[in-house]
Amino acid sequence: MSLHSDPGRILSGMRPTGRLHLGHYHGVLKNWAVLQEQAECFFFVADWHALTTHYEEPGVMDENVWEMLIDWLAAGVDPDRATLFIQSRVPQHAELHLLLSMVTPLGWLMRVPSFKDQQQKLNDRDLATYGFLGYPLLQSADILMYRATGVPVGEDQVPHVELTREIARRFNHIFGRDGAFEEKAADALTRMGKKPAKEFLRLRREWLQDGVGSARERALTALSASGNLGNEDRERLMGYLDGGGREILPEPGALLTPAAKMPGLDGQKMSKSYNNTIQMRDDPERIRTRLMAMPTDPARQRRHDPGDPEKCPVWDLHQVYTQKTQREELAEGCKSAGIGCVDCKKPLLETILEEQSVLRARARPFEENPQQVREIIESGCERAKVVADETMREVRAVVGTLYE
Ligand code: TRP
Ligand code: SF4
């Protein structure tokens, strides 16, 4: 693969807090199955992350880890293409989390939106804990451990990837000093003039150490405004502004997964907490009963009442499952009362059941031989550990805990 199309390394994780449903499948897992064809992928079970909220019910992980992995495999995630592992089986994650914590300002963690949001949302749990505050930092450790360039996540997780970038920058700034480069930068600075140089250094510190983005902007403006700098000096100082030392932990980027609108069986977003899900390997009879009972456009009280698909949650499911031409026919039938809701739901049910049988067929060998899943994880953990050891060796070296 050429340098320019190098897709880098992808990493993502999922907490094992319950059975996976069609929202996970269409919103996350199908995307993983595509990514594994394009890049080196690491997908892992974030069991420690689950423990930060579910520490009073540790059985949750034991119940869900293996079933969740079977769901991944059912979705077409392929252990020959992607490395699958369990976070707690690669304890290096804990070491990196700890070392990152040494340089993480408390304010950065307290400002992550999910910290307060989740405390409020999950108010039946006590989340005023050290572990929960550190949740996004543990996630940073997961990402930085594998030098991931891309992290596929939903919108809610973007601030966590952003924090990871800031942590990496700060870590590299503190531990990645490069003497020769610093000397050349200092030399260029003398040509900038004493006062502007001092101001530039102050802004650089605010940016690298404290993550203040506006400071970076101001420093860049100062560089381009300086009449004393030649192009070479200016470019060197631009590099210096963004670190300029050794990049020990590279900054990742978020790969925003386009939010698939997957309605649940009551029309709200599909979610375990609304009890409105179709699971990835659900009972066909249950799917049939619940889909047939699903609410439709309330205007269609009787068979001959015309309706409006835009006001119908079943229609959102058709958007996911039904080809455009058939959708147009159904919409027409709905608006003219040419078809009833049962007629409209039937083809949808067929498609969902077909999909279920594909998922089941992929899952079956693993359901029948659970040992095989254990082996997949065993070898995935081995592969993950090789990378983790490499990273930790370098990290230990720069923080001063290598002792050779
Ligand atoms: N916090 C993520 C979620 O709730 C799970 C996760 C943990 C994760 N570590 C990660 C995702 C690293 C991406 C990368 O969905
Ligand atoms: Fe909804 Fe289809 Fe009934 Fe129209 S015909 S209200 S789209 S289920």
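What counts as what
Residues numbered from 1 in each chain as written. Chains lettered and ligands numbered in written order. Predicted model: local features only at pLDDT ≥ 70, side-chain atom pairs only at ≥ 80, totals over all residues. Heavy atoms only, no water. Core = buried A, V, L, I, M, F, W, Y, C linked by side-chain atoms within 4.5 Å. Buried < 20%, exposed > 50% of the residue type's maximum accessible area, 1.4 Å probe, protein only. Helix = DSSP H or I, 4+ residues; strand = E, 2+ residues; numbered from the N terminus. Domains from an automatic or database assignment. Contact = heavy atoms within 4.5 Å. Near = heavy atom within 4 Å. Nonpolar A, V, L, I, M, F, W, Y, C, P; charged D, E, K, R; others polar. Buried area = accessible area lost by both parts, 1.4 Å probe. Salt bridge = Lys/Arg side-chain N within 4 Å of Asp/Glu carboxyl O. Polar contact = N/O pair within 3.5 Å; in protein donor to acceptor, adjacent residues only side chain to side chain. Areas by Shrake-Rupley, 256 points an atom, 1.4 Å probe, with all protein chains shown as cover. Disulfide = S-S within 2.5 Å. Expected span 1.5 Å × (residues − 1).

1. As for the nonpolar core
A general trend in soluble globular proteins is that nonpolar side chains are found buried together. If you look at the biggest cluster of nonpolar residues, it comprises 95 residues, and the most contacted ones within it are Leu-29, Phe-43, Trp-72, Leu-84, Leu-100 and Tyr-146. In terms of residue count, helix H18 (residues 370-399) provides more of this core than any other element does, 10 residues in total. When residues of this core are sorted by domain, at least three fall in each of domain 1 (9-173 + 248-261 + 371-399) and domain 3 (281-368). Residues in contact with Trp-72, not counting those within four places in the same chain, are Met-14, Leu-20, Leu-29, Trp-32, Phe-43, Phe-44, Val-45, Val-77 and Leu-84. Grouped together as the second largest cluster of nonpolar side chains are 16 residues, Ala-188, Phe-200, Trp-207 and Leu-223 included.

2. Side note on the site of ligand 2
Looking at ligand 2, the residues that line it are Thr-296, Asp-297, Arg-300, Cys-312, Val-314, Trp-315, Cys-334, Cys-341 and Cys-344. When residues of the shell around ligand 2 are traced back to their parent elements, those giving at least two are helix H15 (313-321) and helix H17 (341-368). Grouping the amino acids of the shell around ligand 2 by side-chain chemistry returns 6 nonpolar, 1 polar and 2 charged.

3. Let's talk about the domain arrangement of the protein
How big an interface is tends to be expressed through the accessible area that disappears when the partners come together. Split into domains, the protein comes out as domain 1 (9-173 + 248-261 + 371-399), domain 2 (179-242) and domain 3 (281-368). Computed from C-alpha atoms alone, the centre-to-centre distance between domain 1 and domain 2 is 35 Å. Surface buried jointly by domain 1 and domain 2 totals about 600 Å² across both partners, of which 51% is contributed by carbon and sulfur atoms. Of all residues in domain 1, Arg-169, Arg-170 and His-173 give up the largest surface area on contact with domain 2, accounting jointly for 78% of the area buried on that side. Here domain 1 and domain 2 share 0 salt bridges between them. Linking domain 1 to domain 2 there are 2 residue pairs in polar contact (both at pLDDT 80 or more). Examining the composition of the side of domain 1 that touches domain 2, we find that 4 residues originate from one element, helix H9 (residues 158-175), more than from any other. Looking at the side of domain 1 that touches domain 2 residue by residue, the class counts come to 1 nonpolar, 1 polar and 3 charged.

4. A word on the side chain of His-318
Along the polypeptide, His-318 turns up in helix H15. When its relative accessible area of 0% is taken as the criterion, His-318 is described as buried. When near neighbours in sequence (up to four residues on either side) are disregarded, His-318 contacts Arg-327, Leu-330, Cys-344 and Leu-348.

5. Overview of the site of ligand 1
Within the structure, ligand 1 sits among 14 residues, and Arg-15, Tyr-135, Gln-139, Asp-142 and Gln-157 are positioned closest to it. A distance of 3.0 Å is found between a nitrogen atom of ligand 1 and a side-chain nitrogen or oxygen belonging to Gln-139. Contact between ligand 1 and Gln-157: a nitrogen atom at 2.9 Å from a side-chain N or O atom of the residue. Calculation on ligand 1 without its partners gives an accessible area of 370 Å², and the protein chains cover 92% of this total. Elements with a contribution of two residues or more to the shell around ligand 1: strand S1 (9-14), helix H8 (135-145) and strand S4 (150-153). Of all the elements, H8 adds the most residues to the shell around ligand 1, at 4 residues.

6. Section: the state of the cysteines
Taken as a whole and assessed by the stated rule, the structure comprises 0 disulfides. No disulfide involves Cys-41; its sulfur sits 17 Å from that of Cys-381, the nearest cysteine.

7. Some details on H9
Its 18 residues place the ends of H9 26 Å apart at the C-alpha level, agreeing with the 26 Å of an ideal helix rising 1.5 Å per residue. Regarding H9, the residues found buried are His-160, Val-161, Leu-163, Thr-164, Glu-166, Ile-167, Ala-168, Arg-169, Arg-170, Phe-171, Asn-172 and His-173.

8. Considering unusual backbone geometry
Residue Ala-337 is not a glycine yet carries a positive backbone phi of 60 degrees. Its place among the elements puts Ala-337 in the loop between helix H16 (324-335) and H17. A relative accessible area of 13% means that Ala-337 is categorised as buried. Positive phi, close to 50 degrees, is recorded for Tyr-403, a residue that is not glycine.

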